Amino acid sequence: MNSGQTIDTIGICGVGQMGAAAAVSFNRAGYHVLAWDNDPAQLAAYPTTANQMEVWLDQHISPAEGKGGSVETLAAPDALDQQADVILDCISEDMEQKVELFRRFHACRERGGIFITTTSGLSITEMGRRSGCGHLLAGTHFWNPPHLMPLVEVIRGEDTLDLVVDRVCQLIESIGKTPVRVNQDVPGFIGNRLLHALWREAISLVEKGIASPEDIDLVARLTFGLRMPVVGPLENMDLVGLDLIDKIHQYLLDDIADNHGPSEYLTANVHEGRLGVKSGQGFYDWGSRSAEELISRRDEQIVHQLNYLRQMDRKGLKASSDRGDHQDQ
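None of the values given here were measured: they were computed from a predicted structure. (Residues numbered from 1 in each chain as written. Predicted model: local features only at pLDDT ≥ 70, side-chain atom pairs only at ≥ 80, totals over all residues. Heavy atoms only, no water.)

(A) Here's a closer look at the environment of Ser123. With respect to the secondary-structure elements, Ser123 resides in the loop between β5 (114-118) and α6 (124-131). Residues Ser123 and Phe224, 101 residues apart in the sequence, show an inter-C-alpha distance of 31 Å. A polar contact is formed between the side chain of Ser123 and the backbone nitrogen of Glu126, at a distance of 3.1 Å. (Helix = DSSP H or I, 4+ residues; strand = E, 2+ residues; numbered from the N terminus. Polar contact = N/O pair within 3.5 Å; in protein donor to acceptor, adjacent residues only side chain to side chain.)

(B) Region of the structure containing the sheet that holds strand β7 (residues 151-156). Spatially, eight strands are ordered β3-β2-β1-β4-β5-β6-β7-β8 in an open sheet, and the strand pairing comes out mixed. With one partner strand each, in any of the chains shown, β3 (70-74) and β8 (178-182) form the two edges of the open sheet. Strand-to-strand twist in this sheet, taken as the mean axis angle between neighbours without regard to direction, amounts to 25 degrees. Here four bridges tie β5 to strand β6 (residues 137-142), and the two strands are oriented parallel to one another. Bridging from a neighbouring strand, Thr118 pairs with Thr140 of β6. (Pairing = 2+ DSSP bridges. Axes fitted to C-alpha atoms, helices over the stretch in contact; angles between N-to-C directions.)

(C) Inspection of the confidence of the model for the chain at higher detail. Per-residue confidence for the chain averages 91 on the pLDDT scale, and 94% of its residues sit at or above 70. Taken together, the stretch residues 317-329 has pLDDT below 50 and engages in ten contacts with residues farther than four places along the chain or on a different chain. (pLDDT = per-residue confidence, 0-100. Contact = heavy atoms within 4.5 Å.)

(D) Examining a nonpolar patch on the surface more closely. A cluster of nonpolar side chains, namely Tyr251, Leu252, Leu253 and Ile256, defines an oily patch on the protein surface of about 370 Å² accessible area. Its place among the elements puts Leu253 in the loop between α12 (242-252) and α13 (264-271). (Patch = residues over 30% accessible without salt bridge, like charges linked within 9 Å, V, L, I, M, F, W, Y side chains within 5 Å. Areas by Shrake-Rupley, 256 points an atom, 1.4 Å probe, with all protein chains shown as cover. Salt bridge = Lys/Arg side-chain N within 4 Å of Asp/Glu carboxyl O.)

(E) Representation of the side chain of Arg156. By secondary structure assignment, the location of Arg156 is in strand β7. Residue classification places Arg156 among the buried positions, given a relative accessible area of 19%. In this structure the side chain of Arg156 is engaged in a polar contact, spanning 2.6 Å, whose partner is the side chain of Asp162. When neighbours within four sequence positions are excluded, Arg156 is seen to be in contact with Leu161, Asp162, Val165, Val182, Asn183, Gln184 and Asp185. (Buried < 20%, exposed > 50% of the residue type's maximum accessible area, 1.4 Å probe, protein only.)

(F) Examining the state of the cysteines more closely. All told, the structure shown has zero disulfides when counted by the stated rule. Its sulfur unpaired, Cys108 is 8.9 Å from the next cysteine sulfur, which belongs to Cys133. By relative accessible area, which is 0% here, Cys108 ends up buried. (Disulfide = S-S within 2.5 Å.)

(G) Region of the structure containing unusual backbone geometry. Residue Pro145 is bonded to the preceding Asn144 through a cis peptide linkage, with omega at -5 degrees. Along the chain, the position of Pro145 falls in the loop between β6 and β7. Phi angles above zero are rare outside glycine, and Phe189 is one such case at about 55 degrees. Within the secondary structure, Phe189 sits in the loop between β8 and α8 (191-207).

(H) Structural detail: the layout of surface pockets. Reported here for the second largest pocket is a volume of approximately 320 Å³. Taken together, 15 residues make up the lining of the second largest pocket; nearest its centre are Met18, Glu93, Thr118, Thr119 and Ser120. Residue assignment for the lining of the second largest pocket shows that the elements contributing at least two residues are α1 (17-28) and β6. Among the elements that take part in the lining of the second largest pocket, β6 stands out by supplying three residues, more than any other. Tallied by class, the residues present in the lining of the second largest pocket amount to five nonpolar, nine polar and one charged. (1 Å grid on protein atoms, 1.4 Å probe; cavity = no way out; pocket = protein on both sides within 12 Å on 5 of 7 lines; lining within 4 Å. Points joined across faces, edges and corners; volume = space filled by probe spheres on them. Nonpolar A, V, L, I, M, F, W, Y, C, P; charged D, E, K, R; others polar.)

Okay, structure coming up:
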């Protein structure tokens, strides 16, 4: 691919929650967006979904700067193959479907367009090799809710060109988000490896009767959860002292969960139909709780925290934005 190639047109495949948020983000940043979905009902719902998201962002974050771009919704993907500088996959988290999707875009691949898959853990290397676009493919892990969360993991497959990783990072920055490079294609990348380790221990604490789900969540929210927006886990360890961490690990690690598959407790819940919000029962009884209210509170807190981080930026206090020599290591 040409390092000087201008990126003007983004082809988005799938306009569910992730694809709709991506289309809004690129449109607000001034790109021309071609949006396609193989579900006519979802495609028809996109303009309303996008408008609601635009209004919410204008009210709670800030109005889009500049004129903005444009969005075309398409019933077939042919125009994406012919016109898009970047193909962004936002379809279901299914390897077979994603491989088949990328195989369709022969013209884009021939002219050296960039391919991006949004995934929370699928192998970028396998996807690229099976689809034939491995040198042009990078992964991006947007976090939920994608229109609010400021960080995107950018994953390099074993065959991904350096130039492609660089251009994807630049693209993520151009829509106002912070890219973090994941230089090895490992399951779960960075964030989900950290998150699922925490979830594994939380499940174990419930399973062993050590504490209730309510109290476990309370501990997480009102202790380390409060400081993590400013102090990351490795910074925290340096503050505590690695010698003390070493002593704690000598007795603690043997006692925490180390199962290499789903716990029996989790699997039993699934088999008995306790799936969480979708079934009305999980760790909590969702018949007496409002998921909508919880999500609303979550989004309000994210906005509050983003405003705080922007204030830190203006004061020059956000050390993580100055990664310097560590950026590409």
